[in-house]
Amino acid sequence: MSKFDKFKNNLTPLVLAVALTACGGGGGGGDDDDDDDSVTLSGAASKGIIIGGLVRAYPVINGEADTSNILGQATTGSDGTYNLTIDSGYSGPVVVRVTPTTGTLMRCDLSGGCGSGVDFGQDYALTDSGFALNAVVPSGSSNISVNITVLTDVATQVALQDITMGGITSAAEIQAAVTAANSKVANRFGVAGDLTKIAVVDITNPTAVAAAGQGGIKYNTLSAAIVQAVQGDSPGLSIEQAVAAFAEDFADGGIADTADSDGVGTTLEEILESTLEILNAAVAADESGDLDLDGLITIIAAEESDAQNNGSSEESQGEASDTANATELAQAKAMVQAIRNLGTGMLLSSEDRSALEDFAGQIEAATFASEDNTAEVVNVMTVALEQIAMSYMAYAEDGSLDGSPIVDVSVNSDEVTFSVDTTIEGVAVSLTATDASVVEVGDEVETPTTGGTNTTQEISVEVSFSINGSVASSSVSLTINDGSRAEVMASFSSNEDETTNGDVTTTELEESFNVNDMDLSLSVTLSEVGVTDPVSFTGSMDVQLSSFTADISETDTETSSSYEEIWTEVFTAGTLGMTLAGEFSNTTGEAFSGSLSINADATGLTLTCEGSETNGSFSENCTDESEDGYVDVNIGLAFMAEINGVSDAVSVTLSAERTGLESGQVGVSLSYDGITLEASLDSEAETLTVTNQDGVTLSVEEGEDGKATGSITNNGTQYATISEVSGVVLVRFSDGDFESF
């Protein structure tokens, strides 16, 4: 098996450890030097896209931008881009600032609009003369990309405050402080790469979003979400004021993951919540309906849930990378070493090996909740709740206790209880629901017809249940604890024609059951069943079903001596979202907190069952998913892992996206000790890509000969090649050093 086979067979964060194992070595050395004295700064400015903005570059003097000394200036174009030349010999830290001038416009990238009738994606006049958006770079001595966003503005304030408060005066220390500030802010928001070099994306433009990578979309949406979250906390602030207020607050101490009982300023949880709203607005803005951000939305949902349920209320600015100020070649080498420390370094002793196995166990424990067995239990629970809703419709109409064959209805004073205690598709269900609310029942209308009767009825219901009980298969048990609620909006219609001709009675029935919206807020315990060391989850489960429709056509023909039933069932659904947040544990006492988000989109998919029963003889044929029609599933998992050899807990985000009936993509993000590693594995293209906090990218693919091949680049420059020779994967750096995997 080639090393790449190991890559593609590991769909967990351990892909990093498996991919880069064994010893290293080599000799020689050397640094990369850039002797190009040309000084051109170029990039784009966005909060959203700033059109016709004045961009100026200033030197950093005594911890401030010296606005009396303009090193160069330009105006942003219609896409927010600019290009300016520094026409002096200055080579120290540079602040690049965009401010409004006559005719400057800003594109609205807030999901709810930007006030005064300005909707998402529309431009408005930027007239606040006090508005400024900044980016800071350690040196203006060479051609560099400097993009200006809300996050670079935050990093600028952090850098200038660190320089001033630290009494930093030497050029080298100032440059180091600037680089460290950019690195800290990127780390705090889970962004891989140099903030000033990550491409600006107009998130209101579906074409631009579709062409961007997931990391770039996340980065640009976060910048907009910061302003939206700040305005949510302080509605009186303008967009321009919100930008300045957040940068100042962050520079004073950072942000907390979530608020404690005393409350804090804008939190990461609130920013991620706003990120979800803006991503959904971006999808809604796509008139073609082709923009697919479900994967990123699922990841952000898991991160938001994790921040809310497991995050710290202590403020933090993030941690700078140890290699932030190293040369690009040194950063490339450090990335390989970081992966080695995470993986190979843990295999040096039995104790370390055990730690790695524990980490693998944590991944397995957290992912069991996303497997088919769990989905089966959740689906059956949904079916049972639908039956309870139908039974409630019947009871509300005329007091009937027979609305569903699987639901028992009991009345005690003013309280009505609906219970299900049965087995559905091999899954045992024991649920009790009380406290049902509003229902509108249309009269049952009977109309005489030739030889029979036509009966029609329509019912709509808005039900709020308090529920508890359990749903269990042979593999998974779900216990729903007290305090759980289910809200269902549903409708039901029927049209029945019954005719008699001699001794033949024919009944033609058309029924349609629609769940327009279902929202479950549950306190649950989810456990594996039938395994030696079962894993369990205890916490909250939130489920949202946007729509579900069952259309049933049935024809019954009955005589004194025979019976025939023919039916067609057509099922369509919209989106199903599920979020788990709480503690995963096993029987040996190991436990950790995490959040799991699953989104399934069945929009456009229709499943049909056709069947018949004649005198007790039954047959049925149902369609299934295919290459042309399948449920689009995205999974996001966020949790903290303790790993031997790593001083801080490792923040792990795992994502999986179904891209075909039998294909998918897996992504992993690890953040610890100022290090961020983002890995993406494509099972169909057979490629593995890893990017770190310094902008270093490792790319590996399987060649035609079945051997691994690839490269390591940093900001577009290649610093190493990867090749497989005699079963050994070698990394050869540009200075002659090498590593073997």
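This is a predicted model, so every value here is computed, not measured.

Calculation notes
- Residues numbered from 1 in each chain as written.
- Predicted model: local features only at pLDDT ≥ 70, side-chain atom pairs only at ≥ 80, totals over all residues.
- Heavy atoms only, no water.
- Helix = DSSP H or I, 4+ residues; strand = E, 2+ residues; numbered from the N terminus.
- Buried < 20%, exposed > 50% of the residue type's maximum accessible area, 1.4 Å probe, protein only.
- Contact = heavy atoms within 4.5 Å.
- Areas by Shrake-Rupley, 256 points an atom, 1.4 Å probe, with all protein chains shown as cover.
- Pairing = 2+ DSSP bridges.
- Expected span 1.5 Å × (residues − 1).
- Polar contact = N/O pair within 3.5 Å; in protein donor to acceptor, adjacent residues only side chain to side chain.
- Axes fitted to C-alpha atoms, helices over the stretch in contact; angles between N-to-C directions.
- Parallel < 35°, antiparallel > 145°, perpendicular 65-115°, else oblique.
- Left-handed = near helix turned anticlockwise from the far one by under 90°.
- Disulfide = S-S within 2.5 Å.
- 1 Å grid on protein atoms, 1.4 Å probe; cavity = no way out; pocket = protein on both sides within 12 Å on 5 of 7 lines; lining within 4 Å.
- Points joined across faces, edges and corners; volume = space filled by probe spheres on them.
- Nonpolar A, V, L, I, M, F, W, Y, C, P; charged D, E, K, R; others polar.
- pLDDT = per-residue confidence, 0-100.
- Patch = residues over 30% accessible without salt bridge, like charges linked within 9 Å, V, L, I, M, F, W, Y side chains within 5 Å.
- Salt bridge = Lys/Arg side-chain N within 4 Å of Asp/Glu carboxyl O.
- Lys, Arg positive; Asp, Glu negative; His and termini not counted.
- Charge placed at Lys NZ, Arg CZ, Asp CG, Glu CD.

When its secondary structure is counted, the protein shows twelve helices and 37 strands. Expressed as a percentage of its 741 residues, the buried residues of the protein come to 48%. For the protein, the proportion of contacts with a sequence separation of at least 24, taken over those separated by at least 6, is 63%. Total accessible area on the protein is roughly 31,600 Å²; 44% of this is exposed by carbon and sulfur atoms.

Another aspect to go through is the sheet that holds strand E12 (residues 144-145). Read across the open sheet, the three strands follow the order E7-E2-E12; overall the sheet is mixed. Where the open sheet ends on each side, the last strands, each with one partner, are strand E7 (81-85) and E12. When strand E2 (residues 40-44) meets E7, the two strands line up antiparallel, connected through five bridges. Residue pairing across strands places Ser42 opposite Asn83, the latter belonging to E7.

The next point concerns the sheet that holds strand E3 (residues 50-51). Ordered in space as E3-E9-E10, the three strands form an open sheet in which the pairing is antiparallel. In this open sheet, the two strands that pair with only one neighbour each are E3 and strand E10 (123-125).

So, on to the pairing of strand E30 (residues 664-672). Within E30, eight of the nine residues are buried, which leaves the element mostly enclosed by the surrounding structure. The turn joining strand E29 (residues 650-658) and E30, which pair antiparallel and follow one another in sequence, is formed by five residues. Following E30, the chain reverses through two residues before pairing antiparallel with strand E31 (residues 675-682); Asp673 in that reversal takes a positive phi of roughly 50°.

Quick look at helix H3 (residues 150-165) now. For H3, which comprises 16 residues, the first-to-last C-alpha distance of 22 Å matches the rise-based estimate of 22 Å (1.5 Å per residue) to within 8%. Looking only at H3, the buried set comprises Val150, Leu151, Thr152, Asp153, Val154, Ala155, Thr156, Val158, Ala159, Leu160 and Ile163. You can read the cap of H3 off the contacts: a side-chain oxygen lies 3.3 Å from the backbone nitrogen of Leu151, and it is on Thr149. Directly beyond the C-terminal end of H3, a positive phi value near 65° is found at Gly167.

What follows is about the environment of Asp290. Relative to the helices and strands, Asp290 resides in the loop between helix H8 (268-284) and helix H9 (294-310). A residue is classified by how much of its surface remains accessible, and Asp290, at 63% relative accessible area, is exposed. For the pair Asp290 and Ala210, spaced 80 residues apart in sequence, the C-alpha separation works out to 8.8 Å.

Okay, helix H4 (residues 171-188) next. In this model, H4 (18 residues) spans 26 Å end to end at C-alpha, consistent with the 26 Å of a helix rising 1.5 Å per residue. Buried within H4 we find Ile174, Ala177, Val178, Thr179, Ala181, Asn182, Ser183, Lys184, Val185, Ala186, Asn187 and Arg188. One or two steps after H4, the chain reaches Gly190, where phi turns positive at roughly 65°.

As for its placement among the helices and strands, Asn182 is situated in helix H4. Its relative accessible area of 7% is what places Asn182 among the buried residues. Among residues more than four places away in sequence, those in contact with Asn182 are Val136, Ala155, Leu195 and Thr196.

This part covers the environment of Thr449. Inspection of the secondary structure puts Thr449 in strand E17 (residues 445-449). For the pair formed by Thr449 and Thr499, sequence separation is 50 residues and the distance between their alpha carbons is 8.1 Å. Polar contacts involving the side chain of Thr449 include one to the main-chain amide nitrogen of Thr453, which spans 3.4 Å.

Across the interface, helix H6 (residues 214-233) lies against H8 with an axial gap of 7 Å and an inter-helix angle of 115°. With respect to their mutual orientation, H6 and H8 come out roughly perpendicular. In the crossing of H6 with H8, the sense of the turn from one axis to the other is right-handed. Contacts between H6 and H8 pair Ile217, Thr221, Leu222, Ala224, Ala225, Ile226, Gln228, Ala229 and Asp233 from the former with Glu270, Ile271, Leu272, Ser274, Thr275, Glu277, Ile278 and Leu279 from the latter.

As a further point, take the state of the cysteines. Scanning all chains against the criterion turns up two disulfides. Across the disulfide, Cys108 is cross-linked to Cys114 (sulfur-sulfur distance 2.1 Å). Every disulfide takes its handedness from the sign of the S-S torsion; for Cys108 and Cys114 that torsion is 95°, giving right-handed. The side chain of Cys609 participates in a disulfide bridge whose partner is Cys622; the two sulfur atoms lie 2.0 Å from each other.

This part takes up empty space enclosed by the protein. Enumeration according to the criterion identifies three cavities of 30 Å³ or more in this entry. Estimated volume of the largest cavity: approximately 50 Å³. Ser46, Gly48, Ile49, Arg107, Asp109, Val201, Asp202, Ile203, Thr204 and Asn220 are the residues that line the largest cavity. Class assignment for the residues of the lining of the largest cavity results in three nonpolar, four polar and three charged.

For the protein, per-residue confidence averages 84 on the pLDDT scale, and 88% of positions sit at 70 or higher. For the protein, the element scoring lowest by mean pLDDT is helix H1 (residues 3-9), at 33; E3 scores highest, at 97. Confidence drops under pLDDT 50 across residues 1-36; counting only partners more than four residues distant or on other chains, this segment forms 91 contacts. Note that residues 344-353 has pLDDT below 50 and, in this model, 17 contacts with residues that lie over four places away or in other chains.

The grouping of Glu248, Asp249, Asp252, Asp260, Glu314 and Glu315 at the surface amounts to a negative patch. Its location among the elements puts Glu315 in the loop between H9 and helix H10 (328-342).

A word on the pattern of salt bridges. Where charged atoms from two side chains of opposite charge come close, those side chains can pair. Counted under the stated rule, the structure contains ten salt bridges. Between Arg188 and Asp257 there is a salt bridge, with the nearest N and O atoms lying 2.9 Å from each other. Placement of Arg188 in helix H4 and of Asp257 in the loop between helix H7 (239-253) and H8 is noted, with a sequence separation of 69 residues between them. Take Arg188 and Asp257: they sit in the same class, and that class is buried.

Right, let's talk about the packing of H6 against H7 for a bit. Two elements in contact, H6 and H7, have axes separated by 9 Å at closest approach and are oriented at 95°. Considering their axes alone, H6 and H7 lie roughly perpendicular with respect to each other. Only Ile239, Ala242, Val243 and Phe246 of H7 make contact with H6, whose side of the interface consists of Ile226, Val227, Val230 and Gln231. Class assignment for the residues of the contact of H6 with H7 results in seven nonpolar, one polar and no charged.

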